Amino acid sequence: MSRVYLYALLSAAPSCEAGVGVCAERLRVVAADGLVALVGDVAEPPEPTAVILRAQDAVLRRLALAVEAVLPVRFGTLVDDDTALAESLAGRRPQLARALGRVAGCEQMTLRVWGESAPAAPVAELDGGPGTRYLAGRRQAQAWARRVPELDPVRGQLEALVREERAERHDRPPLLATVQHLIRRGTGARYIEAIDAARAALRPWRVSVTGPWPAYAFAEDAA
Amino acid sequence: MSRGRPPIEVRELESLRAELERQAGLADTPRWNANPEDVQRSVARLVLTLVEFVRQLLERQAIRRLEGGTLTPDETEAVGVALMRLEATVRDIAGRFGLEPDDLNLELGPLGRLL
């Protein structure tokens, strides 16, 4: 018995053939409550191998050529049938519609920041008793976990290109941070040029760029 | 590759792989292990993960209230001390079972990781 494998939510049904999926199954679209889902019917959940992951990425890239917004769904998402899919989407329509609007006409660039040591997190003088200082320290740590000051020298050049950002500090040298940027489709070359032009100013940190990708990091609501 | 763009070094790729493996490990849902040799540790991991989950939720709520100015100084101190002691207790018990803080992190499915 086959199950429904969910690839992505789309802003509209593609005008072209959806093609085949990672299990060579014919892809189809399911319209439910104003949302459009790209699905395939599979007997088994796909294995998370490099080949299959690349195949799923290729499906999303192909669809991005045909529709304005592609909201990737977490790899391996299966539901029993179209009815279960519709029920799953029905309760989340507002946030899914917002997420589709966020990624419409956009793609993702990924920056990784490398270095031998992370910049020191700012340490503010904390007043009060031990409990107050503990809570204030945790607040500072949470804020720091989303900050990547290593990129400050290039932020001015990226400002016109970047619509949204997701940042995560790792602070496990040489990998210090990963930053995902949502940019307009077709502006990836300008984005890379801006990074390349700023490499001297970014030292001692090194930055690698990959992309453009489907907007994987901006699809939390569709996971 | 454009001129001036440094190649990614092997050790950088290894660092990235290690981070991905670490995050993939965090995605493993803690389960009760019926192996008699490991049963105490696996139960402790499961229980402590739930306690840590609740503790972190409370901490985030406290920080939100702190930022919103809805905690008095006395309340801030009391909540901070309670959270601090709870964290120390969880770490202490985890240490007795050979568990690291990362072992108690949670993958929340569609919501992502807690931390």
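Draft legend 1. The overall build of chain B, seen in detail. The secondary structure content of chain B amounts to three helices and zero strands. Counting helices and strands in the order they occur from the N terminus, chain B gives α-α-α. Long-range contacts, defined here as pairs at least 24 residues apart, represent 60% of the contacts in chain B between residues at least 6 apart.

Draft legend 2. Focus on the confidence of the model for chain B. All names here are of chain B. When pLDDT is averaged across chain B, the result is 80; 75% of the residues are at 70 or more. The secondary-structure element of chain B with the lowest mean pLDDT is helix H1 (residues 10–26), recorded at 80, while helix H3 (residues 73–96) shows the highest, at 93. Complex prediction metrics read pTM 0.79 and ipTM 0.71.

Draft legend 3. Main features of the interface of chain B and chain A. In this complex, chain B contributes 25 residues to the contact, which on the side of chain A involves 22 residues. Secondary-structure elements contributing two or more residues to the side of chain B that touches chain A are H1, helix H2 (39–68) and H3 of chain B. Sorting elements by how many residues they give to the side of chain B that touches chain A places H3 of chain B first, with nine residues. Residues of the side of chain B that touches chain A, tallied by class, amount to 13 nonpolar, six polar and six charged.

Draft legend 4. Representation of unusual backbone geometry within the structure. All names here are of chain A. With an omega dihedral of 15°, the bond running from Arg 203 to Pro 204 counts as a cis peptide bond. Its place among the elements puts Pro 204 in the loop between helix H7 (199–202) and strand S9 (206–213). A cis geometry characterises the amide bond from Gly 211 onward to Pro 212, with omega recorded as 5°. If you trace the backbone, Pro 212 turns up in strand S9. The backbone phi angle of Ala 24 is positive, close to 65°, even though this residue is not glycine. Secondary-structure assignment places Ala 24 in the loop between strand S1 (3–10) and strand S2 (27–32).

Reading the values: the criteria
- Residues numbered from 1 in each chain as written.
- Chains lettered and ligands numbered in written order.
- Predicted model: local features only at pLDDT ≥ 70, side-chain atom pairs only at ≥ 80, totals over all residues.
- Helix = DSSP H or I, 4+ residues; strand = E, 2+ residues; numbered from the N terminus.
- Contact = placed C-beta atoms within 7 Å.
- pLDDT = per-residue confidence, 0-100.
- Nonpolar A, V, L, I, M, F, W, Y, C, P; charged D, E, K, R; others polar.

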